[in-house]
Amino acid sequence: MKKERYYRAIELNNRFYWRKMNELPAPAAFIDELGTSVEKTCGRSIKEVIDHMKIKLHLQNRYFEITKRQCRKLKIHIQPDTTDNPFHHLLFDKKTKRELTNSQAAYLADNAWAVYDDREDIVLPVRYTV
Amino acid sequence: MKCAEMVLNPNQHTTGFVMQDYGSYNKDNTSLVQEKEYPEKLFYSAGEKAQGIFSSFLAYTGNISSVKGVMVMANEKQEEGITMTENLKILDSILELQDNWNQHGAEHFSEDHIDFIRDIIKQLYPQPMIFPTAAKSIHLEYDKNDNEMLILDIKKNRSILLFIKKNKRSKEKYVSLQDALKAVSAFNGQ
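These figures come from a predicted structure and were not determined experimentally. (Residues numbered from 1 in each chain as written. Chains lettered and ligands numbered in written order. Predicted model: local features only at pLDDT ≥ 70, side-chain atom pairs only at ≥ 80, totals over all residues.)

Q: Any chance you could explain the overall build of chain B here in plain terms?
A: Broken down by element type, chain B carries four helices and eight strands. What you see in chain B, going N to C, is helices and strands ordered as β-β-β-α-α-α-β-β-β-β-β-α. Residue burial in chain B is summarised as follows: out of 190 residues, 31% are buried. Put simply, of all contacts in chain B between residues at least 6 apart along the chain, 46% involve residues at least 24 apart. (Helix = DSSP H or I, 4+ residues; strand = E, 2+ residues; numbered from the N terminus. Buried ≥ 20, exposed ≤ 12 C-beta atoms within 10 Å, placed from the backbone. Contact = placed C-beta atoms within 7 Å.)

Q: What's the story with the overall build of chain A in this structure? I'm lost.
A: A tally of regular secondary structure across chain A gives three helices and nine strands. Scanning chain A from its N terminus toward the C terminus, one meets helices and strands in the order β-β-β-β-α-β-α-β-β-α-β-β. Computed over C-alpha atoms, the radius of gyration of chain A comes to 14 Å, within 12% of the 14 Å expected from 2.2 N^0.38 for 130 residues, which places it in the range of a compact globule. Burial analysis of chain A (130 residues in total) assigns 38% to the buried set. Sequence separation of at least 24 residues holds for 67% of the intrachain contacts in chain A that already meet a minimum separation of 6. (Rg over C-alpha atoms; globule rule 2.2 N^0.38 Å.)

Q: Teacher, can you tell me more about helix 3 (residues 102-111) of chain A here?
A: The α-helix winds at 3.6 residues per turn, so residues separated by three or four positions along the chain end up facing the same way. For helix 3 of chain A, a buried count of seven out of ten residues is recorded, marking the element as mostly surrounded by other parts of the structure. For helix 3 of chain A, the complete set of buried residues consists of Asn102, Gln104, Ala105, Ala106, Tyr107, Leu108 and Ala109 of chain A. Against the buried residues of helix 3 of chain A lie strand 3 (24-25) and strand 5 (61-67) of chain A together with strand 6 (148-155), strand 7 (160-166) and strand 8 (169-175) of chain B.

Q: Looking at this structure, I do not really get the confidence of the model for chain B. What am I missing?
A: Residue and element names in this part refer to chain B. Within chain B, residue pLDDT values average 72, and 58% of them lie at 70 or more. Residue range residues 1-79 is modelled with pLDDT below 50. Its contacts to residues more than four positions away, or to other chains, number 122 contacts. With a pTM of 0.74, the predicted complex shows an ipTM of 0.91. (pLDDT = per-residue confidence, 0-100.)

Q: Can you walk me through the environment of methionine 21 of chain A in this structure?
A: Checked against the element boundaries, methionine 21 of chain A lands in the loop between strand 2 (18-20) and strand 3. Residues methionine 21 of chain A and threonine 96 of chain A, 75 residues apart in the sequence, show an inter-C-alpha distance of 33 Å.

Q: Any chance you could explain the interface of chain B and chain A here in plain terms?
A: Interfaces are frequently sized by the accessible area removed from exposure as the parts join. Counting from both sides, the interface comprises 20 residues of chain B and, opposite them, 14 residues of chain A. Elements that contribute at least two residues to the side of chain B that touches chain A include exactly strand 4 (129-132), strand 5 (137-144), strand 6, strand 7 and strand 8 of chain B. In terms of residue class, the side of chain B that touches chain A is made up of nine nonpolar, five polar and six charged. (Nonpolar A, V, L, I, M, F, W, Y, C, P; charged D, E, K, R; others polar.)

Q: Explanation requested: the sheet that holds strand 4 of chain B in the structure shown.
A: The strands making up a sheet associate through backbone hydrogen bonding, with each pair oriented either parallel or antiparallel. Residue and element names in this part refer to chain B. Judged by pairing direction, the sheet is antiparallel, and its five strands sit side by side in the order 4-5-6-7-8 without closing on themselves. Looking at which strands have only one partner, the edges of the open sheet turn out to be strand 4 and strand 8. Put simply, the sheet's adjacent strands are angled 20° from each other on average, direction ignored. Across eight bridges, the pairing between strand 5 and strand 6 is antiparallel. In the sheet register, glutamate 141 faces strand 6, and the bridge partner there is isoleucine 151. Lying over the sheet, helix 4 (residues 177-187) contacts strand 5, strand 6, strand 7 and strand 8, oriented at roughly 20° with respect to strand 7. (Pairing = 2+ DSSP bridges. Axes fitted to C-alpha atoms, helices over the stretch in contact; angles between N-to-C directions.)

Q: For this particular structure, what's the right way to read unusual backbone geometry?
A: Along the chain, tyrosine 125 of chain B connects to proline 126 of chain B via a cis peptide bond; the corresponding omega equals -5°. Locating proline 126 of chain B in the fold gives a position in the loop between helix 3 (111-121) and strand 4. The phi torsion at cysteine 42 of chain A lies on the positive side, around 50°, for a residue other than glycine. Secondary-structure assignment places cysteine 42 of chain A in the loop between strand 4 (36-40) and helix 1 (46-56). Owing to 13 C-beta atoms within 10 Å, cysteine 42 of chain A belongs among the partly exposed residues under this scheme.

Q: In this structure, what is going on with the pairing of strand 5 of chain A? I would like to understand it.
A: As a general feature of sheets, a regular strand has side chains that alternate between the two faces. Residues and elements named next belong to chain A. The buried fraction of strand 5 is high, at six of seven residues. Examined bridge by bridge, strand 1 (residues 5-11) and strand 5 share seven bridges and lie antiparallel to one another. Of the residues in strand 5, the one forming a bridge with arginine 8 is phenylalanine 64. Note that strand 5 and strand 8 (residues 113-117) share four bridges and pair antiparallel. By the bridge assignment, arginine 62 is partnered in strand 8 with aspartate 117.

Here it is as structure tokens:
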């Protein structure tokens, strides 16, 4: 079975999220006091995950992949959301603290891999090195 | 009122002194450049490097009866990177954000919070990138060489969390504004 991965959508063309517009996200884009919102593969293909995310996301986004191994390395706690979306998860600093640290966010900003871009409507080449 | 302003050129080779009644003096050649008048205004100094220049500046302003202080201004003609004017506009945009601006319940930013960051921005050279977070804080960020990063994570209560990453090592701690400015200067090799 393919390893589970998590996907974070970051809005395109919004300077509040990008160090280098539409290419390199800012650590701030991974910080949320409610927990960083991601969607888990749950055995689905990237395309299936993205198509499902698009149902709720109305703006154009670039989608970044976060691996379970990265989360383990950063000691990020992955919390299933309690809403009616079984794929939706939240990344916490730890079980008792929802907001990721700057260190965790900076690592994800530098290392999360872009897998899909709404402008191009294609699955981007994926790097499975981490 | 007689007052004075110091302008710090971004290439930091030349510092111009501008004084009401006394005209403008260039630090390098101490020649009179122009006359300029300023309304009564509380100026303030910024950054450790500026403090050193400020001492020289005072030598020039000995005859001025009421020097309120000094404002160090980053020149808007930066060859690379963002200007202070652009950053002030970005802060205006952040202030306009409404609740749920990130589509995930993030709160808007207060005028007091943005005012505090405006004051900091006016003391920084080079200018940082500015990012709002969905945790009621604002990041002032510098990147260098793809593997070095400094973030001033400025919270709603005006506390400053300094984050520095170099290669794969990082550290973060709460600091005073003065220490934050020192860290920015050191990071940028000043």
